[in-house]
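# Structural characterization, general
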Amino acid sequence: MPLFSKKSKPPTINSARLPKHIAIIMDGNGRWAKARGLPRTAGHAAGAETFRRIATYCKDIGVDYLTVYAFSTENWKRPEDEVQAIMGLLEKYLAEAIEKMERDGVRLKILGDTSPLSPKLLQMIRQTEAISARTQGMQANICVNYGGRDEIVHAARAYMRQGGKPEELTEAALAERLYSAGIPDPDLIIRPGGEYRTSNFLLWQSAYSELYFTDTLWPDFKERELDRAILAYQSRDRRFGGLK
Ligand code: IPE
Ligand code: IPE
Ligand code: MG
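Attention in this report is confined to the structure presented alongside it.

How each quantity is defined
Residue numbering note: each chain is counted from 1, following its sequence as written. Each chain is given a letter, starting from A, and each ligand a number, starting from 1, according to the order in which they appear as written. With the structure being a predicted model, the display of local features is reserved for residues of pLDDT at least 70 and the display and counting of side-chain atom pairs for 80 or more, all residues being used for whole-chain, interface and lining totals. Neither water nor hydrogens contribute to the side-chain values; these are computed over all heavy atoms in the structure. The pairing criterion for strands is at least two bridges between them, as found by DSSP. Under the DSSP-based scheme used, a helix requires at least four consecutive residues in state H or I and a strand at least two consecutive residues in state E, with every element numbered from the N terminus. All axes are obtained by fitting lines to C-alpha atoms, using only the stretch in contact for helices, and the reported angles, taken between N-to-C directions, cover 0 to 180 degrees. Note on terminology: near, applied to a residue and a molecule or strand, indicates that one of the residue's heavy atoms is within 4 Å of it. Polar contacts, as counted here, are pairs of nitrogen or oxygen atoms within 3.5 Å of one another; within protein the pair requires one atom able to donate a hydrogen and one able to accept it, and residues that are adjacent in sequence qualify only if both atoms are side-chain atoms. A 1.4 Å probe and the Shrake-Rupley method give the accessible areas. Residues count as covered only by the protein chains that appear here. Just so you know the grouping, Ala, Val, Leu, Ile, Met, Phe, Trp, Tyr, Cys and Pro go in nonpolar, Asp, Glu, Lys and Arg go in charged, and all remaining residues, Gly too, go in polar. Throughout, a disulfide means two cysteine sulfur atoms within 2.5 Å of one another. Any residue under 20% of the maximum accessible area for its type is buried, any over 50% is exposed, and the rest in between are partly exposed; the area is computed with a 1.4 Å probe on protein chains only.

### Re the sheet that holds strand β3 (residues 106-111)
Read from one edge to the other, the open sheet built from 6 strands follows the order β3-β4-β2-β1-β5-β6, with strand pairing classed as parallel. A strand with exactly one partner marks an edge of an open sheet, and here the two such strands are β3 and β6 (210-213). With direction set aside, neighbouring strand axes in the sheet form an average angle of 20°.

### Points about the site of ligand 1
The local shell around ligand 1 holds 13 residues, among which Asp-27, Gly-30, Arg-31, Arg-40 and Arg-78 are the closest. Within the contact set of ligand 1, an oxygen atom lies 2.9 Å away from a backbone nitrogen or oxygen of Gly-30. Relative to its unbound accessible area of 380 Å², ligand 1 is 86% covered by the protein chains. Elements that contribute at least two residues to the shell around ligand 1 include exactly α1 (29-35), α2 (40-61) and α3 (80-104). For the shell around ligand 1, the per-class residue count stands at 3 nonpolar, 5 polar and 5 charged.

### Quick look at the state of the cysteines
Summed over all chains, the structure comprises 0 disulfides. Among the cysteines around Cys-143, which has no disulfide bond, Cys-58 carries the closest sulfur, lying 14 Å off. Given the relative accessible area of 0%, Cys-143 is considered buried.

### Notes on the site of ligand 2
In the neighbourhood of ligand 2, the contacting residues comprise Ile-25, Met-26, Asp-27, Tyr-69, Ala-70, Phe-71, Asn-75, Arg-78, Arg-191, Arg-197 and Ser-199. The separation between an oxygen atom of ligand 2 and a polar side-chain atom of Arg-78 is 3.2 Å. Calculation on ligand 2 without its partners gives an accessible area of 390 Å², and the protein chains cover 78% of this total. Looking at the shell around ligand 2 element by element, the count peaks at 3 residues for strand β2 (residues 65-72). When its residues are assigned to classes, the shell around ligand 2 shows 5 nonpolar, 2 polar and 4 charged.

This is the structure we're talking about:
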């Protein structure tokens, strides 16, 4: 009999060994739209739907932290209308979250340099953070105007501004000043969209993350694909520089 007959079930994820923190580079929206003869902005709208589904799925299976890369410090290079469309989708999502996050048991945090965002977005971010402070449940972090390099520079500046001495700077002191302060490092980083790079995502925090790449474009990314990524993660041997 073959090892995997047609009748055998696909392996299932071990819920006792889930990654506590999953991070996703939501890439491939533009190519997804182009393949359908649609404007790139339609790809971003489809990508936002995928984010809603995958965040719900992560919460349902018991992931503690989900971090997604929505807009990088380099994405301002894109045409103004595309940038505005992405900001509009973020606004729409935050408006929904303000209504539903308490009921759904999701806490939200925006990671990145929020200073250039519109006053309306800033106000919504403050509101979601206030709701998060009184909510229990999975934490979803949305990286907006986020760059790993920017984050490290921002943290170093904060340390110095607070009178920190160079010889007393430690890894912990820097980590405490990152946008991700208090959030454990991601166990698993997933990049859909077929590119094999991290594009300035979580430079500091990814030191020992397991990486998973797939050609699936983000709007096509389904729950089964997340299962596959988690299965791959569960087959890895994490040594953190030590020995088994
Ligand atoms: C990811 O999709 C979303 C953002 C970077 C804002 P892209 O817009 O990069 O899609 P592709 O890579 O061009 O297909
Ligand atoms: C990374 O995707 C940023 C986000 C998904 C938000 P990009 O499409 O901007 O990355 P590159 O340009 O292919 O490296
Ligand atoms: Mg891209």
